[in-house]
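Architecture and fold: a report
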Amino acid sequence: MSGAGAPSAQERIDGSGLNVVIVAGSWHETISEALIAGAQRTLDAAGATHTLVRVPGSFELPVVSKAALESGADAVVALGVIIRGGTPHFEYVSAAATDGLTRVALDTGKPVGFGVLTLDDEAQGIDRSGLPGSKEDKGAEAAHAALSTALTLRALRG
C-alpha cells in the first residue's frame, strides 16, 4: 500500500485567512467526488476558504491550477484519477500532470497539493479515495499538504 510510512495523524492546521482552490478532474466520478469531499472536509476543518473548479481530466490540471494561483489563490489542491489501460496514454497523462503541477508550484512560488491518483485499477482508487472502508484519504492528504506548505511559505517570507 502506498500509505506505508505516512504520518499516523495529521496535526490540526489553522488555515484561516488562506484562500485555496480545489482543481479536480472529472474522470472516474465516484473516486473523484470522494477525493473532493476529503479535501473539502480538511479545508473546512482548518477554516480556509475554498472554491471548486472542475476540469475535463488530469491533463488539464496544471494550466487551470496556474491560473488559479495567478488569480490570487494562496494554494491549489489538484485532484485527478488516471487508471492504466492497454496503451501508453496512462504514462503520457501521468507524466504531463505530475511534471506540469511541479512546474506550476515552482513558477508561482505557491503550493500545489498533489492528489492525482495513478492506478492500475479502479479498486486501488476506491481504497485511496476516502470512501467508507478506504484505507487512505488522498484528497484530505493533498489538502493538508497544501495548507501546511502555504503556512510554511508564509512564515519563511515574513
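You'll find the structure just up there.
The notes below deal with the structure included here.

Remark: helix α1 (residues 29-46) packs on helix α5 (residues 138-157), axes separated minimally by 6 Å, with the N-to-C direction vectors making an angle of 40°. As judged from the angle between their axes, α1 and α5 are oblique. Judged by the twist between their axes, the crossing of α1 over α5 is right-handed. Here Leu35, Gly38, Ala39, Thr42, Leu43 and Ala46 of α1 lie close against α5, whose contacting residues are Lys138, Gly139, Ala140, Ala143, His144 and Leu147. Grouping the amino acids of the contact of α1 with α5 by side-chain chemistry returns 7 nonpolar, 4 polar and 1 charged.

One finds Val20, Leu43, Val77, Leu79 and Leu147 to be the most contacted residues of the largest nonpolar core, which totals 23 residues. Elements that contribute at least two residues to this core include exactly β1 (19-25), α1, β3 (75-83), β4 (112-119) and α5. The biggest single contributor to this core is α1, with 6 residues. If near-sequence neighbours (up to four positions away) are discounted, Val77 is found in contact with Val20, Val21, Ile22, Val23, Ala39, Gly113, Ala142, Ala143 and Ala146. Judged by nonpolar contacts, the second largest core, of 16 residues, contains Leu69, Leu101, Val104 and Val112.

A few words now on the pairing of β3. By the criterion of burial, β3 is predominantly enclosed, with 8 of the 9 residues buried. Both β1 and β3 contribute to a ladder of 5 bridges, which runs parallel. Along β3, the bridge assignment pairs Val20 with Ala75. Pairing geometry for β3 and β4, over 8 bridges, is parallel.

Criteria and cut-off values
- Residues numbered from 1 in each chain as written.
- Predicted model: local features only at pLDDT ≥ 70, side-chain atom pairs only at ≥ 80, totals over all residues.
- Heavy atoms only, no water.
- Axes fitted to C-alpha atoms, helices over the stretch in contact; angles between N-to-C directions.
- Helix = DSSP H or I, 4+ residues; strand = E, 2+ residues; numbered from the N terminus.
- Parallel < 35°, antiparallel > 145°, perpendicular 65-115°, else oblique.
- Left-handed = near helix turned anticlockwise from the far one by under 90°.
- Contact = heavy atoms within 4.5 Å.
- Nonpolar A, V, L, I, M, F, W, Y, C, P; charged D, E, K, R; others polar.
- Core = buried A, V, L, I, M, F, W, Y, C linked by side-chain atoms within 4.5 Å.
- Buried < 20%, exposed > 50% of the residue type's maximum accessible area, 1.4 Å probe, protein only.
- Pairing = 2+ DSSP bridges.

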